[in-house]
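# Observations on chain architecture
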Amino acid sequence: VQLQAFGGGLVQAGGSLRLSCAASGRTFSSYAMGWFRQAPGKEREFVAAIRWSGGTTYYADFVKGRFTISRDNAVNTVYLQMNSLKPEDTAVYYCASINRGSSWSAPLRLPKANAYDYWGQGTQVTVSS
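One structure accompanies this document, and this report is about it. (Residues numbered from 1 in each chain as written. Predicted model: local features only at pLDDT ≥ 70, side-chain atom pairs only at ≥ 80, totals over all residues. Heavy atoms only, no water.)

## A look at the pairing of strand E11 (residues 123-128)
Here E11 shows a buried face lined by Thr 123, Val 125 and Val 127 and an unburied face lined by Gln 124, Thr 126 and Ser 128. As paired strands, strand E2 (residues 9-12) and E11 are joined by four bridges and run parallel to one another. Looking across to E11, one finds that Gln 12 is bridged to Ser 128. Taken together, the three bridges between strand E9 (residues 91-98) and E11 define a ladder with antiparallel strand orientation. If you follow Val 92 over to E11, its bridge partner there is Gln 124. (Buried < 20%, exposed > 50% of the residue type's maximum accessible area, 1.4 Å probe, protein only. Helix = DSSP H or I, 4+ residues; strand = E, 2+ residues; numbered from the N terminus. Pairing = 2+ DSSP bridges.)

Below you can see the structure in the form of structure tokens.
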């Protein structure tokens, strides 16, 4: 599975960006997709996740109400719509895929980076104050 994330950029606080993650290869074996982010000097943290089947979504508390994750099964693409961006949202955003089994897409596992099998290259999001 290959994942390509794009859509990052520079935006002012309060603005919006939409990230996309296009999956190719053995996409039929993916159970869920997640977005993580990593700011300089900080650990990678969970942002949001979505299951391919059913479209159930999960969010980190700090993005609830501001970010929306969605998927388009027809084109194997997951999106992260980010609204009301804050300077603290500045980070490299990564998309990732869970392929090892449906049990790894259980709610308690989705926020954990070690549940994911494939990662995209990351896209930089910078929010200026």
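## Digging into the environment of Tyr 58
Within the secondary structure layout, Tyr 58 lies in strand E6 (residues 57-59). When the C-alpha atoms of Tyr 58 and Ser 103 are compared, they prove to be 16 Å apart, with 45 residues separating the residues in sequence. If we ignore the near neighbours within four places in the chain, the residues touching Tyr 58 are Phe 46, Val 47, Ala 48, Ala 49, Arg 51, Pro 107 and Leu 110. Of note is the side chain of Tyr 58, whose polar atom sits 3.1 Å from the side chain of Arg 51. (Contact = heavy atoms within 4.5 Å. Polar contact = N/O pair within 3.5 Å; in protein donor to acceptor, adjacent residues only side chain to side chain.)

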